[in-house]
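Below, each chain spelled out in residue letters.
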Amino acid sequence: MTLHDRQGQRFLPYGANYLDWQDMTELREVIEHQVLFRYQTEQESMASRLEHLVSERLGAARTLAVHNCTEALRLALISTRPSVGDVVYIPAVTFVAVAGAVLSCGLIPVPVDADESLALDRTLLPADARRVIVAHMEGSVATLPQGVPYVIEDCAQTLGGRFPDGREVGTAGYAGVFSFHHNKVLTSGEGGLVVTDDEQAWAAMRCYHDHGSARVPGRYPTWNQDAYYGENFVTSEEVAAIQCQQFRHLDEVLAGLERMYGLAMEALPNRTDLRVLPRGKGDVKVSLRFRCESRELRDAAVTALTAEGIANWTLGKYLLPEHPVLTGRRSLYADGFPWNLAPEGPSALSRDNFARTRDLLDRTLCVPLSPELPQEQQAVAVKAIRRVLEAV
Ligand SMILES: *Cc1c(COP(=O)(O)O)cnc(C)c1O
């Protein structure tokens, strides 16, 4: 556990918890087994063990481990057997990886404006929408659209979140994708998962992620006569080992976040011009989310928190309609693929050209919570946040 002492306060860096040599039994096992490639062995690989753990914990029929969440998104998209140039509706407020995954599959991303909670506003979707990616951003569980054949849940920032009916995020749509990037609920540096209840989709993804092969573990791959091309997204045993170790701590991470969130909700100043937004019961409490009366107040709070060494972030970076990847419509392909195939019709869906969303983002501020800190230190950290926010 890395604790930094600064100005008498103790805090953990955000985004990497329970990284401890004493706790790396799975990694030790992999090294001792002398196999780092998952299909090198006929025995249960560490990657399979991880996939079973995840399926069981989330209540999903199937899980596939890949290198990152962007690959997981690509797999989920391509398994729907689209035609090039098909539209995929994506959230206007999310990480640009979502747009990149859509484009790299030869599909056209159409950002859909956010509702008050900053999640994709389902009421803006056309009745004939076939593919929609919904992102559960920053621990907040979004509501999924109904009647859409392929809803892909991007759970990169919300592993462990639950819908009001108790289901885990990632298991309510066609497929769910997760990330183990450094700044996520659990981390292995890079890493991704796709989960689905659709056996056929899983089979297609497993095949595509291993060169289109019909691999039997422990053997050289073989290709059926009806094989289609694929790529190589096969994960490594040592990465899966760290992911298994991280996964063991998921409930502790979630409980640690809940505990600090509870402490903060009792202690934070009651300012109407700088409100903490209450989070839903099933949300992962990765941060305290504040809504300020003005952008100036938000910026002053950012400056004050940063001066005290308190980690914080804002969400304006997630507004995709302003992102150069979408505004520029550029591509490394000489013919501009796939933008050259974009169908006629609106290139984004919003009632006010994203004005309200832009305003909400400009006034929003997030302060991450530290799940691994013992309760007394969480209380100290909360007091420090309170002191700063009272004074701005
Ligand atoms: C991090 C993130 C991704 C991409 O995950 P990688 O594992 O880094 O590819 C996708 N979507 C969202 C919402 C993210 O936060």
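Computed from a predicted model, the values in this text were never measured in an experiment.

## Description of helix H6 (residues 237–248)
With 12 residues, H6 ought to run about 16 Å at 1.5 Å a step, and its terminal C-alpha atoms sit 16 Å apart, in line with that. Elements in contact with the buried residues of H6: helix H1 (25–33), helix H2 (46–58), strand S9 (192–196) and helix H7 (250–267).

## What about the packing of aromatic side chains?
In this structure the tally under the stated criterion is five aromatic pairs. Ring centres of Phe37 and Tyr39 lie 5.9 Å apart, and the angle between their planes is 85 degrees; this geometry places the pair in the edge-to-face category. Residue Tyr39 is classed as buried on the basis of its relative accessible area of 4%. An aromatic cluster of three or more residues is present, and its members are Tyr208, Tyr229 and Phe233. Looking at Arg62, its charged tip hangs above the ring of Trp202, at a distance of 3.9 Å from the centre. Just above the ring of Tyr261 sits the side chain of Lys285; from NZ or CZ to the centre is 5.6 Å.

## Let's talk about the pairing of strand S3 (residues 62–66)
Counting buried positions over the five residues of S3 gives four, a clear majority of the element. Where S3 meets S9, five bridges bridge the pair, whose relative direction is antiparallel. Paired with Ala65 across the bridge in S9 is Leu193.

## Notes on the layout of surface pockets
Size it by volume and the largest pocket reaches roughly 580 Å³. In this structure, the largest pocket is lined by 26 residues; those nearest its centre are Gln157, His181, Asn183, Lys184 and Tyr318. Of all the elements, helix H3 (residues 69–78) adds the most residues to the lining of the largest pocket, at three residues. Each of domain 1 (14–249) and domain 2 (250–318 + 354–391) accounts for three or more of the residues forming the lining of the largest pocket.

## So, the site of the ligand
In the vicinity of the ligand lie 14 residues, with Thr70, Asp154, Gln157, Ser179 and Lys184 positioned nearest. Asp154 places a side-chain nitrogen or oxygen 2.6 Å from a nitrogen atom of the ligand. In this structure, an oxygen atom belonging to the ligand sits 2.7 Å away from a side-chain N or O atom of Gln157. In isolation the ligand exposes 380 Å². Once the protein is present, 94% of that is buried. At a threshold of 2 Å from the grid points, most atoms of the ligand map onto the largest pocket. Tallied by class, the residues present in the shell around the ligand amount to five nonpolar, seven polar and two charged.

## Description of the nonpolar core
Counting 69 residues, the largest nonpolar core has Tyr89, Val132, Leu159, Val185, Leu186, Leu288 and Phe290 as its most contacted members. Here the element with the most residues in this core is H7; it accounts for eight residues. Looking at this core, you find at least three residues from each of domain 1 (14–249) and domain 2 (250–318 + 354–391). When sequence neighbours within four positions are dropped, the list of residues in contact with Phe290 reads Leu268, Leu274, Arg275, Val276, Arg363, Thr364, Leu365, Val367 and Leu389. Grouped together as the second largest cluster of nonpolar side chains are 35 residues, Leu64, Leu77, Ile133 and Trp202 included.

## Some points on the domain arrangement of the protein chain
Accessible area lost upon the coming together of the parts is a frequently used measure of interface size. Along its sequence, the protein chain is organised into domain 1 (14–249) and domain 2 (250–318 + 354–391). Here domain 1 and domain 2 have C-alpha centroids that lie 28 Å from each other. Facing the 34 residues of domain 1 at the interface are 26 residues of domain 2. In total, about 2700 Å² of surface goes out of reach between domain 1 and domain 2, with carbon and sulfur atoms giving 53% of it. Between Glu116 and Arg356 there is a salt bridge, with its nearest N and O atoms 3.6 Å apart. For the pair domain 1 and domain 2, the number of links is 19 residue pairs in polar contact (both at pLDDT 80 or more). Secondary structure elements with two or more residues in the side of domain 1 that touches domain 2: strand S5 (108–112) and H6. By residue class, the composition of the side of domain 1 that touches domain 2 is 16 nonpolar, 11 polar and seven charged.

## Some remarks on the sheet that holds strand S10 (residues 274–276)
With antiparallel pairing, the three strands of this open sheet are ordered in space as S10-S11-S12. One side of each edge strand has no neighbouring strand; the edge strands of this open sheet are S10 and strand S12 (364–368). Strand-to-strand, the axes of this sheet are offset by a mean angle of 25 degrees, without reference to chain direction. Bridge count between strand S11 (residues 287–292) and S12: five bridges; the pairing is antiparallel. The residue of S12 that forms the bridge with Arg289 is Cys366. Sheet contacts for helix H8 (residues 295–307): S10, S11 and S12; angle to S12, the most-contacted strand, approximately 25 degrees.

Conventions adopted
Residues numbered from 1 in each chain as written. Predicted model: local features only at pLDDT ≥ 70, side-chain atom pairs only at ≥ 80, totals over all residues. Heavy atoms only, no water. Helix = DSSP H or I, 4+ residues; strand = E, 2+ residues; numbered from the N terminus. Expected span 1.5 Å × (residues − 1). Contact = heavy atoms within 4.5 Å. Phe/Tyr/Trp six-rings, centres within 6.5 Å; stacked < 30°, edge-to-face > 60°. Buried < 20%, exposed > 50% of the residue type's maximum accessible area, 1.4 Å probe, protein only. Lys NZ or Arg CZ within 6 Å of the ring centre and 35° of its normal. Pairing = 2+ DSSP bridges. 1 Å grid on protein atoms, 1.4 Å probe; cavity = no way out; pocket = protein on both sides within 12 Å on 5 of 7 lines; lining within 4 Å. Points joined across faces, edges and corners; volume = space filled by probe spheres on them. Domains from an automatic or database assignment. Near = heavy atom within 4 Å. Polar contact = N/O pair within 3.5 Å; in protein donor to acceptor, adjacent residues only side chain to side chain. Areas by Shrake-Rupley, 256 points an atom, 1.4 Å probe, with all protein chains shown as cover. Sits in = over half its atoms within 2 Å of the grid points. Nonpolar A, V, L, I, M, F, W, Y, C, P; charged D, E, K, R; others polar. Core = buried A, V, L, I, M, F, W, Y, C linked by side-chain atoms within 4.5 Å. Buried area = accessible area lost by both parts, 1.4 Å probe. Salt bridge = Lys/Arg side-chain N within 4 Å of Asp/Glu carboxyl O. Axes fitted to C-alpha atoms, helices over the stretch in contact; angles between N-to-C directions.

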